[in-house]
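Reading the structure
Listed below, chain by chain, are the residues.
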2 protein chains.
Amino acid sequence: MANIRDIAKEAGVGIATVSRYLNDTGYVSDEVKVKIQKVIEELNYKPNALARAIFTKNSKTIGLMVPNISNPFFNQMASVIEEYANEMGYNIFLCNTDDNPEKESKYLDVLQSHRVAGIIVARSKCKEAYSNIDIPVISFESHISDKIITVSSDNYNGGKIAFDHLYQCGCRKMIHIKGPTCFEATEDRSRGFLDAAKDKNLKIDLIEFETDFQVKMLEENIESLNKIGECDGIFVFNDIAAATVIKFLRKKGVRIPEEVQIMGFDNSFICELLHPSLTTINQPIQALGKYTIELLIKLINDEDIEIEDYLMETKLIKRETTLS
Amino acid sequence: MANIRDIAKEAGVGIATVSRYLNDTGYVSDEVKVKIQKVIEELNYKPNALARAIFTKNSKTIGLMVPNISNPFFNQMASVIEEYANEMGYNIFLCNTDDNPEKESKYLDVLQSHRVAGIIVARSKCKEAYSNIDIPVISFESHISDKIITVSSDNYNGGKIAFDHLYQCGCRKMIHIKGPTCFEATEDRSRGFLDAAKDKNLKIDLIEFETDFQVKMLEENIESLNKIGECDGIFVFNDIAAATVIKFLRKKGVRIPEEVQIMGFDNSFICELLHPSLTTINQPIQALGKYTIELLIKLINDEDIEIEDYLMETKLIKRETTLS
DNA sequence: CTTCGTTATGGAGTCGTTTACATATGTTCA
DNA sequence: TGAACATATGTAAACGACTCCATAACGAAG
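Residues numbered from 1 in each chain as written. Chains lettered and ligands numbered in written order. Predicted model: local features only at pLDDT ≥ 70, side-chain atom pairs only at ≥ 80, totals over all residues. Heavy atoms only, no water.

Some remarks on the packing of aromatic side chains
Selection rule: Pairing of aromatic side chains here covers Phe, Tyr and the six-membered ring of Trp, requires ring centres within 6.5 Å, and sorts the geometry by plane angle: under 30 degrees stacked, over 60 edge-to-face, intermediate tilted. Each ring is checked for a lysine NZ or an arginine CZ that lies within 6 Å of its centre and within 35 degrees of its normal; such an atom marks a charge sitting over the ring.
The tally for this structure, following the rule as stated, stands at 16 aromatic pairs over all chains. Within the aromatic cluster, the residues linked to one another by ring pairs are Phe163, Tyr167, Phe193, Phe235 and Phe265 of chain A. Stacked on the ring of phenylalanine 265 of chain A, the Lys or Arg arginine 189 of chain A has its end atom at 4.0 Å from the ring centre. Directly above the ring of phenylalanine 183 of chain B sits arginine 123 of chain B, whose terminal nitrogen or CZ lies 3.6 Å from the centroid.

Pasting the structure below:
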């Protein structure tokens, strides 16, 4: 592929002149501009972004690490982040960690090697790896260290809201199906839910799912679902797991919401598609994604911002799996 | 950040020796190896992948362009592609085209500038832009030119299978809800379905959706859904749209599958979560993704492979929205 | 007529790698 | 003993960009 030297030669000008033309920095006569542009098109020249990044020390690239891009929550995040990054002239380097600390750590090296301008890591499982990183990092849904900003929804309060709603709907014998213990976000939801229950002196039965989002969720968790006993309300750690639970209960002939009321978490697109549609807690994904990338770009631009937790508001989305 | 010169100096050796150590090419004494490794860790040195790529002319990076990463079908593809790319030592540069030709074209320039080793583009909307590209390209679900390999499911046959199944289940008055005309994949499904109907001398009513995957699908397409008249079977262009249709019909009190049988397309994870669970046509996403990336890497490695269409088999997944 | 600012251009050094080549030592084998 | 080879290392020239600096022409201002 042609390089800047080829263009300069073919256009009969110096390299510096071509560079000035490309970057619109410094003087280039109109006459020469036309000549250069013509050659660029003839040779289908695309300036080498790698060479440029080496020199300017600015790759205009952001590393995005998510557990898995097929997870509906994280790919919505990714979509929002891509949108804003693109607007700001940044590109996305995608990494799936698979919730695997080793893969995360390897990708972290890769991102450093590629000199990404900044990193967004969702649900990190490899916190020690970030101790000596000199690239701006924003952590999503996971506290890495007191040097790294964490952005997340207010999961704790979301859990509280979920309890209050079920309680208000008349539930007095509730079950909480919680996610794998290693996820901060779902732990916070649980804590919020249980704390609110304690306030009302209600005892909650706990069932633990061992998988997060999985296509085969139902079969894999059928064991734990069989433990569902007498209850009038269930709070499930996310919408997809809730859908799994609904499916399970319907197969057993349980009427929802008349006999058992159910709540999910996330306000994923499937809530509306389910029957009955799923009452849930909304995470403001749009705002979350936008805020995360904005913070990161501020860090990249060396603006000084408070290193602290940023919690985004969660709220109740009332649908048909709960009574009025 | 430290560079190779710093390492060489600090370790008291030459640059070439450090490079040989890093790449395990040529001789380096064990004694020196230890010394270099120690310095590398002390200075937290990460070799600059950009500089390396400039010289070797191999960025070990693959550009992935999809309509949108939040689309469940394409993010599953992306997940599979990431997995295999990672295994082969490649990284993913993510681009959302939003089905927007201009955005796609701009990203195509960016990918060329970044000297990606290869490009996977899903559902391209900007075919002319690929005429003078000298980077290997695999096109997914879209025919760009006779120089570029296309990979897709056998959508046409999938449409036929769908018709045959509904017919076999007793449907004689069918509606087909088709996707936006500009998508080759859904057009092929329609053609297959309609051709099979013609074979049986059945006339099919057509309804067109104007949106592909959208969170607000139901509201946006309520207009066209109102056109659903008397029928005993509906073939919808994909699962999520089918879920929207089911939701709509249930609200109207239509019993599924007793009164109307429904089929989707994709075999997305939501099929199992719906009630009744959705009969659909499977697209072998795993195989599709794996095959796509394998072909691309073969192209990158200059293996000569047939430039032709690669069609992957689609098959019926029988669930509860159709009778026996 | 000199000085100054604006316009316009190009050469050379730099960014951080890899590799071709030169060099040097030690071992083996005829 | 000396040729051949394996081991070990360093220098310098690429790769493709950007930018500092030098150079030069030109008009305006003093």
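Here we look at the relation of the copies chain B and chain A
Our working rule: Our superposition of the copies is a least-squares fit, built on the C-alpha atoms of residues whose pLDDT is at least 70 in both. The criterion used for residue contact is that any of the two residues' heavy atoms lie within 4.5 Å.
If you rotate chain B by 180 degrees and push it 0.0 Å along the axis, it lands on chain A with an RMSD of 0.1 Å. The superposition operator between the copies reduces to a two-fold rotation axis. Taking the C-alpha atom as reference, chain B places phenylalanine 93 of chain B closest to the rotation axis, 2.4 Å from it. Interface residue correspondence from chain B to chain A reaches 100%, placing this contact among same-surface, isologous pairings.

Some details on the sheet that holds strand 7 (residues 205–208) of chain A
All names here are of chain A. We count it as follows: By definition, two strands form a pair when at least two bridges between them are found by DSSP. The helix count covers DSSP runs of H or I at least four residues long, the strand count covers runs of E at least two residues long, and both are numbered beginning at the N terminus. Interaxial angle, 0 to 180 degrees, is taken between N-to-C directions of lines fitted to C-alpha atoms, where a helix line uses only the stretch in contact.
The strand order 7-6-8-9 describes an open sheet built from four strands, whose pairing is parallel. The open sheet has two free edges, formed respectively by strand 7 and strand 9 (261–263), since each of these has just one partner strand. Sheet twist, expressed as the average angle between the axes of neighbouring strands with direction ignored, equals 20 degrees. Bridge count for strand 6 (residues 174–178) against strand 8 (residues 233–236) is four bridges, and the pairing is parallel. When the bridges of strand 8 are listed, isoleucine 175 appears paired with isoleucine 234.

Side note on the state of the cysteines
Residues and elements named next belong to chain A. The line we're drawing: A pair of sulfur atoms, both from cysteines and within 2.5 Å, is called a disulfide here. Relative accessible area decides the class of each residue, using a 1.4 Å probe on protein chains only: under 20% of the type maximum gives buried, over 50% gives exposed, and in between gives partly exposed.
All told, the structure shown has zero disulfides over all chains when counted by the stated rule. Cysteine 169 supplies the cysteine sulfur nearest to cysteine 171, a cysteine that is in no disulfide, at a spacing of 6.3 Å. The exposure class assigned to cysteine 171 is buried, which follows from its relative accessible area of 1%.

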